[in-house]
Amino acid sequence: MSSTVPGAAGYGANASVLASQYESITFSEVYRDLLHLFPVQPCAVLDIGAGSGRDAAELSRRGHQVVAVEPTAELRAEGQHIHRELAIEWVDDHLPTLAALRRTKRRFDVVLLTAVWMHLDESERSAAMEALAELSAEGGVIFMSLRHGPIPEGRRMFEVSAKDTIQLAAGFGFRCDFEAEREDMLGRSEVRWSFLALHKRVAHR
């Protein structure tokens, strides 16, 4: 049942424990530095690597139409159970291509990647940014967190800098409107996080 997606390695076997860990931190705590940038009016939101659905659930409660993408079946099941009262659309898809979602031709005003990007290697990040550009509406925004620190045993992760991510995004029509670095929310002294807000430029006609 566990996902065969390389970046999802190690998540299925610990889905219940991980879901509890994720849910112990609130969306507002995670995105405290970027909350002022989130749209107030209802819009289309895509949460990629949604995990337990914590962020998807909060944005759904705020009135947004939320699609939660989670490739690990066990985590997806946890999220569907924990947040079963909310109108979240759960999708089995994954980076770098998000092929299933792209076939729908949908566009999203907000794209969320919480603790996801570092699971992709360099070539995958380029393919993923192309997919994100296609899925993002003009004027839309990507909110992203990047993990820095030792790689946990059994996980596939890469060190990815905020600078390199901003540069890659620029090549696909995004500008960085906000960048911050902060401590780990679970108290791990060796881990730090970068947070980015990447806006998709509106094409001139």
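Let me begin by describing the structure that accompanies this report. Per chain, the residues get numbers from 1 upward, laid out in the order the sequence is written. Restriction of local features to residues with pLDDT of at least 70 applies here, the model being predicted, together with a cutoff of 80 or more for giving and counting side-chain atom pairs; totals for whole chains, interfaces and linings are based on all residues. To get the side-chain values, take all heavy atoms of the structure and skip hydrogens and water.

### A word on the nonpolar core
In terms of nonpolar packing, the biggest core is built from 56 residues, with Tyr 31, Phe 38, Leu 46, Leu 113, Trp 117, Leu 132 and Phe 143 touching the most fellow members. Any pair of residues with heavy atoms lying within 4.5 Å of one another is described as a contacting pair. Setting aside its immediate chain neighbours within four residues, Leu 132 contacts Ile 48, Leu 98, Val 111, Leu 113, Trp 117, Ile 142 and Phe 174. Think of a nonpolar core as a cluster: buried Ala, Val, Leu, Ile, Met, Phe, Trp, Tyr and Cys residues, connected wherever their side-chain atoms sit within 4.5 Å. Three labels apply to residues, based on accessible area from a 1.4 Å probe with only protein chains included: buried if under 20% of the type maximum, exposed if over 50%, partly exposed otherwise in between.

### Examining the environment of Gln 80
Relative to the elements of secondary structure, Gln 80 occurs in helix H4 (residues 73–82). For the pair Gln 80 and Ala 169, spaced 89 residues apart in sequence, the C-alpha separation works out to 31 Å. Under the scheme used here, helices are H or I runs from DSSP no shorter than 4 residues and strands are E runs no shorter than 2 residues, and both carry numbers assigned from the N terminus.

### Observations regarding the environment of Pro 150
Residue placement: Pro 150 occurs in the loop between strand S5 (136–148) and helix H7 (162–170). For Pro 150, a relative accessible area of 49% corresponds to the partly exposed category. In this structure the C-alpha to C-alpha distance between Pro 150 and Leu 59, which are 91 residues apart in sequence, comes to 30 Å.

### Thoughts on the sheet that holds strand S2 (residues 65–69)
We call two strands paired when DSSP finds no fewer than two bridges between them. What the seven strands build is an open sheet, ordered S3-S2-S1-S4-S5-S7-S6; its pairing is mixed. The two strands at the open ends of the sheet, each matched to only one other strand, are strand S3 (89–91) and strand S6 (174–183). Between one strand and the next, the sheet's axes are offset by a mean angle of 15°, whatever the strand orientation. Here five bridges tie strand S4 (residues 108–113) to S5, and the two strands are oriented parallel to one another. Paired with Leu 112 across the two strands is Phe 143, which belongs to S5. Packing against the sheet, H7 makes contact with S5, S6 and strand S7 (192–200), and its axis sits at approximately 15° to S7. What counts as an axis is a line fitted to C-alpha atoms, over the stretch in contact for a helix, and the angles between N-to-C directions run from 0 to 180 degrees.

### Quick look at unusual backbone geometry
Outside of glycine, negative phi angles account for most residues, and trans bonds account for most peptide bonds. A cis amide bond links Leu 95 to the next residue, Pro 96, at an omega of 15°. For Pro 96, the position within the fold is in the loop between S3 and helix H5 (99–102). Although it is not a glycine, Lys 105 sits at a positive phi angle of roughly 65°. By the secondary structure assignment, Lys 105 is in the loop between H5 and S4. Even without being a glycine, Ala 115 presents a positive backbone phi close to 55°. As for its position among the elements, Ala 115 is in the loop between S4 and helix H6 (122–135).

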